[in-house]
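Take a look at the letters that make up each chain.
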Amino acid sequence: MDLQNMTEEELKREAQAFGEHLARLLVASSLSDEQKEAWAALVPEMSLDQLGRFAIVLERYVDPAILPEMADLRRQLEAVKADYDAKIAALNNQTQASLKAVMDEVQAIEAAAKAV
């Protein structure tokens, strides 16, 4: 991933996805709740390099049997989001078409009123 050639929107998406990945790893880890809270408090102060290393270390504390489940869950969530995004796009297109039809009717009524 080339951070210098990414748009601000892409950077935000990547940062959010990485943050969600770290959160899932932290929750799934075998660390105590107290340790998880302490690490979660430190995350906002970490550099990108430290965050990357932290993710690698966290993966060691996650039961390997859970990792495929986490990946599967992520794929399922991404599929749901893609479906949701497609439905929202379709609704937006439908709304735009409906608004255009209303505007066309208003313009036709205004034109008819001027002709009278």
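As a convention, each chain's residues are numbered from 1 in the sequence order in which they are written. In keeping with the predicted nature of the model, local features appear solely for residues at pLDDT of at least 70, side-chain atom pairs appear and are counted solely at 80 or more, and the whole-chain, interface and lining totals rest on all residues. Side-chain metrics in this entry use all non-hydrogen atoms of the structure; hydrogen atoms and water are not considered.

Novice: Talk me through a nonpolar patch on the surface; I want residue IDs and the actual numbers.
Specialist: Residues enter patches when they are more than 30% accessible in relative terms and free of salt bridges; like-charged ones are connected within 9 Å and nonpolar ones (Val, Leu, Ile, Met, Phe, Trp, Tyr) within 5 Å. For the area figures, the Shrake-Rupley method with a 1.4 Å probe applies, and any residue is considered shielded solely by the protein chains shown. For this analysis, a salt bridge means a side-chain nitrogen from Lys or Arg found within 4 Å of a carboxyl oxygen belonging to Asp or Glu. A cluster of nonpolar side chains, contributed by Y84, I88 and L91, occupies part of the molecular surface with about 290 Å² of accessible area. One can find Y84 in helix 4 (residues 66-115). Y84 sits in the exposed class, given a relative accessible area of 52%. The numbering of helices and of strands both runs from the N terminus, where a helix is a DSSP run of H or I of at least 4 residues and a strand a run of E of at least 2. Relative accessibility under 20% of the residue-type maximum defines a buried residue, over 50% an exposed one, and the middle range a partly exposed one, all with a 1.4 Å probe and only protein chains included.

Novice: Now, about the nonpolar core: what can you tell me, with residues and values included?
Specialist: The criterion is simple. A nonpolar core is a set of buried Ala, Val, Leu, Ile, Met, Phe, Trp, Tyr and Cys residues joined through side-chain atoms within 4.5 Å. L22, L25, L26, L31, M46, L51, F54, A55, L58 and V62 together form the largest nonpolar core, which totals ten residues. The set of elements that each furnish at least two residues to this core consists of helix 1 (8-28) and helix 3 (48-60). Element by element, the count of residues in this core is highest for helix 3, at four residues. Excluding residues that lie within four positions of it along the chain, A55 makes contacts with F18, L22 and L25. Contact between two residues is taken to exist if any of their heavy atoms lie within 4.5 Å; hydrogens are not considered.

Novice: Break down the pattern of salt bridges for me, with residues and values.
Specialist: Across all of its chains, the model carries six salt bridges by this definition. The shortest N-O distance in the salt bridge between R13 and E9 comes to 3.7 Å. Placement of the pair is R13 and E9 together in helix 1, with a separation of four residues, close to one helical turn. The exposure class of E9 is partly exposed, given its relative accessible area of 49%. A salt bridge links K100 to D104; the nearest nitrogen and oxygen atoms lie 3.0 Å apart. Note that K100 and D104 are positioned in helix 4 at a spacing of four residues, about one turn of the helix.

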